[in-house]
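This is what each chain is made of:
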Amino acid sequence: MVTLVSFSAFAQSKLISGNVTDAAGEPIVGANVVIKGTTQGTMTDLDGKFNLSIPADISSPVLQIRFIGYESKEITVGNQTSFSIALAEDIEQLEEVVVVGYGIQKKSDLTGSIATVSPEDMNKTAIPNVSQALQGRVAGVNITAASGAPGAGTRVRIRGVGTVNDASPLYVVDGFIVNGSIDHINPNDIKSISVLKDASATAIYGARGANGVILVTTKNGSEGQGTKITYDAYYGVQEAWKAPDMLNSEEYLMVMTKAYENAGSTFNMVAPSNDLGVSTNWFEEVTQVAPMQNHNLSVSGSKEGLNYYLSAGYFDQEGIVKGSNYERLNVRLNGDYQAKDYLRIGTNLTLANAKGKTLPTDFYHGIINAAQKVDPLTPAYDANGLWGSSPYMDINNPVGTIERANNRYSNLRVTGNAYAEVEILKGLKAKSAFSMDLLRNDSYNMEPIFNVSPDENNLRNTVFRGYGATNTWLWENTLSYNKTFDKHTVSALVGYTAQESRFESLGVTRADLLGENEALQYISSATNLEPQVYGSAAEWAMLSTLARVNYSYDDRYLVTANFRRDGSSKFGPENRYGNFMSFSTGWKVINEAFMSDLKGGLLDDLKVRAGWGQIGNDKIGNYEFATAYRSLGRYAYIFGVGGSETSTVGLGPMSIGNTAISWESTETTNLGLDVALLDGRLEANLDYFIRDTKDMLIQEPVPMYIGFNSTTGGTIAPITNLGSVRNKGWEAVLTWKETRGDFSYSVSGNLSSVNNEVLSFGNDLVEFVSSGTFQAGATTRTTPGQPIGAFYGYVVDGIFQNQAEVDAHGQPNARPGDFRYKDINGYDSEGNLVEGPDGVINDADRDFIGSPMPDFTYGLTLNAEYKGFDVSVFFQGVQGNELFNAMKYFNMTGGFPYNKNREILNAWNGEGTSNEVPRLDANDPNNNLRVSSFYIEDGSYLRLKNVQLGYTLPSELVKKAGMQRVRVYASAQNLLTFTNYSGLDPEISGGALSTGLDYGTYPQARTMMFGANIAF
């Protein structure tokens, strides 16, 4: 108990006491008991009791009793010395509120499509970053991990992919618009998350709300709360949930011998990789059982009008691939102070320092990729303890790559805001907030000298240091008004905002270090006099005005209107400004007179929602409206004659500007239904939406005759407003919750479906956009009538079983045992594409062979509590998407000497032996490895994402130890995964045009952990 007592040295004070309870007679702990007009007061103890000394110089003292969620009460002291005070629940406060753009709203008054994730949901899962808290928990939000590497981010898509550019949502933390992701935030600091999905909800953010908005509110102390100290910690171990099924040395030799025999050649083992007694399991060599731990300490409370929250967090994770790690330290300070009756000031400040070590993940040098390619005959270390090297391929020893890796980074991020809110008149408030986001990136690498083989060596060591600095500020000024009269309730908001961001980077690489020990791994220790230096800078700015009006009549009819005008520096002077607006309505059918017989008991809530709006997107480069030039040696020109010639380096275009580019806009129509039944035990939320992206910003190919080369290394084609995309779908959320005595439980499920289709590219110059290129070629094609990033290639129609089948099909170089491809289209004599088979297999026969877009995504959460025990089970899954398993290019053919998946043992070996795996042939004259449906697999999966069992110790026991609450738990993540995908993990991310391309992605880990939550 904290007691604040003011007394006079010259007069005798009066001592009073009492207790504070709720309407049921239960004690209220931490209620504020204050002498009105002063700062003198106290708080109730664990039994709801209080003692307070009233100075004699205070005449006619009045007690004010306040506690959050209850109506405040005032009592005149008079001659009383003992008080029994009961507080009534404040229905308005207890009704659930939802954070929306620039404010809050009662959930029952929402007209847009907004979903929330509560701290209770997040506390059931030990998550390293905020984005993972949303995975599978919000209908219409598809989240995939970038990889399973420590510190890896996530790809978040709300209601499909609406653009070929950056389709990430906008993040707003405590009112501050954050650039990039929010993975630097400590999940333990979060109070609530709101996901704004339709235009009627996101239009208040205008230009940046086209891909949805995620609002994060962090914790703070609250009025009536005593000082609270909490400590949360967990420790766990991680392992790969699946390992590739690769050949051992004997099987590898058998397969390669057969492949070379079928090619008319001989496979000869070469020393030192010629010992069948060696059978290296490379996946086991590069992976480990890895620890992870998390610790959080927080102090929060309220005192004399000051609400505060202070926390510190530490997260440390080793990767399941050796040599990778991630470490993060967080500190947060939130506070607000009621300085005057009309003035409230506050601040939110956070510091995050993340550092880690990364490993190669690309298609050519990635560790997981290499661990599935190096042959088993080659040892990880030779007889001399040196790294082994395969004589059959030019793939680096992945164990050596790990041990030589020295690629580290450190990111320091400080974000904060300060605000002041003045109540000018009753219901009329002015608020001004200034925010800063300071990001410092430090990257470091030292490549040592090594000489494993002619294909695996580095004969000069180098050191690299890179620095980046991003400074962003945001100033927002708003004026809000709230008024209720008779049956009318109006709330209005107007505002003016300005934001600016500047980025600078500098990097230096220098060779020939004096030594490779840590003390000499600096630029100044390198002796080469010609360092490679780079530097760049970029900046952008936005200026905006905004307005919103909410109107409610008789708590039955709701209307919301939003308007925002944004000006972005990313567009030319003539097209900088865009206007975005939305309208939405709601009808609380339950409050109609004709529903009175159904209201209560059977039907508790029934609301219909409808909304329409337009929002914008400016997520392109900072200077696409301007043509950029560069100076290169190939632009040199010789001036002069005879012996006086001089070479002058000129300028050439690096990118072609387009002054006409303007806003990419997204138009959304949304229909919704909210229902609550059976005393609120059953809740259902249904939404149907159409989301059209228009004037999509896309690179327009430049005709060769203009003189520009838009290929790699040449001039970059201009950005143009060309395309349109439609995302159409539905969402359903169903929740059942019930309490029976000491037992309570809830079941919540969500299901959503999005159909993605490119409608147009706007002109005839752009027919399609190819992407997802690897050794076999481009894997995706984006074109009207198909989803973004659809897989494109030949269609496998089984395997030729005999020569007669080969002769009957016009497929050059095919033999029995090769893939047979469908004859779909052909060319006429002038080279024009003609639909229908023509008896010849060529590139005209390529077709769309799959989509990375799922038919639907879903999540299921089960929670139960009995006395002190609690259990939580969370399933997450996707259904109907395809993945492109690019590892088959190496592991399912005899065309390369890489190691193989064991499935290759079922390769065709005579008529009728296989219709799925082609024959082994080291030359592969049929090109069985061409991009085709052979690589396409069902990417559907159901994952037991989290299961947690906890126990809260009896309060009588923990209070004796000076604590308020102690909970211990055991948890498992990614415990089970049900999938038909043959790769290491079906959760594959990627860019907008290359989603679902798996080239040896770092897989998700299965984690077992134990933890505790302690409150003082």
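Under an unreviewed UniProt entry, the name given to the protein is TonB-dependent receptor, and the organism recorded is Algivirga pacifica. Note on the protein: under the UniProt heading Sequence similarities (unreviewed entry), the record states "Belongs to the TonB-dependent receptor family."

Attention now moves to the nonpolar core. Residues Tyr-252, Val-321, Phe-774, Phe-884, Ile-904 and Tyr-935 are the most contacted members of the largest nonpolar core, which totals 57 residues. Elements that contribute at least two residues to this core include exactly α4 (249-262), α5 (282-286), α6 (367-371), α7 (398-404), β43 (819-821) and α9 (888-891). Broken down by element, the residue count for this core peaks at five residues, all from α4. Discounting chain neighbours no more than four positions away, the residues touching Ile-904 are Leu-247, Val-255, Asn-891, Met-892, Thr-893, Gly-894, Val-917 and Leu-920.

Under the defined criterion, the tally for this structure stands at seven cavities of 30 Å³ or more. There is about 330 Å³ of room inside the largest cavity. If you list the elements that add at least two residues to the lining of the largest cavity, you get β12 (141-145), β13 (154-158), β38 (743-760), β47 (856-866) and β49 (882-885). Broken down by element, the residue count for the lining of the largest cavity peaks at four residues, all from β38. Considering only residue class, the lining of the largest cavity consists of 12 nonpolar, 11 polar and five charged. Its volume calculated, the second largest cavity comes out at about 120 Å³. Forming the boundary of the second largest cavity are 15 residues, of which Gln-105, Ile-114, Ser-200, Ala-201 and Thr-560 lie nearest the centre. Breaking the lining of the second largest cavity down by element, the ones donating at least two residues are α3 (199-202), β29 (532-553) and β30 (557-568). Partitioned by chemical class, the residues of the lining of the second largest cavity number five nonpolar, nine polar and one charged.

As a further point, take the sheet that holds β49. Ordered in space as β50-β49-β53, the three strands form an open sheet in which the pairing is mixed. At either margin of the open sheet sits one strand with a lone partner, and together these are β50 (936-938) and β53 (997-998). In this sheet, β53 lies alongside β49 in parallel orientation, the contact comprising two bridges. Each bridged residue has a counterpart across the sheet, and for Asn-885 the counterpart in β53 is Asp-998.

Taken in spatial order, the three strands line up as β5-β2-β8 in an open sheet, and their pairing is mixed. At either margin of the open sheet sits one strand with a lone partner, and together these are β5 (49-54) and β8 (82-86). If you compare each strand with its neighbour and ignore which way they point, the axes differ by 25° on average. Here six bridges tie strand β2 (residues 14-21) to β5, and the two strands are oriented antiparallel to one another. Looking at β5, one finds that Ser-17 is bridged to Asn-51.

Moving on: the UniProt feature "domain: TonB-dependent receptor plug" (unreviewed entry) in the protein. Within the UniProt annotation, "domain: TonB-dependent receptor plug" (unreviewed entry) is assigned to residues 107-213. A distance of 17 Å separates the end C-alpha atoms of residues 107-213, which is 8% helix and 27% strand.

The rules we used
- Residues numbered from 1 in each chain as written.
- Predicted model: local features only at pLDDT ≥ 70, side-chain atom pairs only at ≥ 80, totals over all residues.
- Heavy atoms only, no water.
- UniProt positions renumbered as here; feature names shortened; annotations may be inferred.
- Core = buried A, V, L, I, M, F, W, Y, C linked by side-chain atoms within 4.5 Å.
- Buried < 20%, exposed > 50% of the residue type's maximum accessible area, 1.4 Å probe, protein only.
- Helix = DSSP H or I, 4+ residues; strand = E, 2+ residues; numbered from the N terminus.
- Contact = heavy atoms within 4.5 Å.
- 1 Å grid on protein atoms, 1.4 Å probe; cavity = no way out; pocket = protein on both sides within 12 Å on 5 of 7 lines; lining within 4 Å.
- Points joined across faces, edges and corners; volume = space filled by probe spheres on them.
- Nonpolar A, V, L, I, M, F, W, Y, C, P; charged D, E, K, R; others polar.
- Pairing = 2+ DSSP bridges.
- Axes fitted to C-alpha atoms, helices over the stretch in contact; angles between N-to-C directions.

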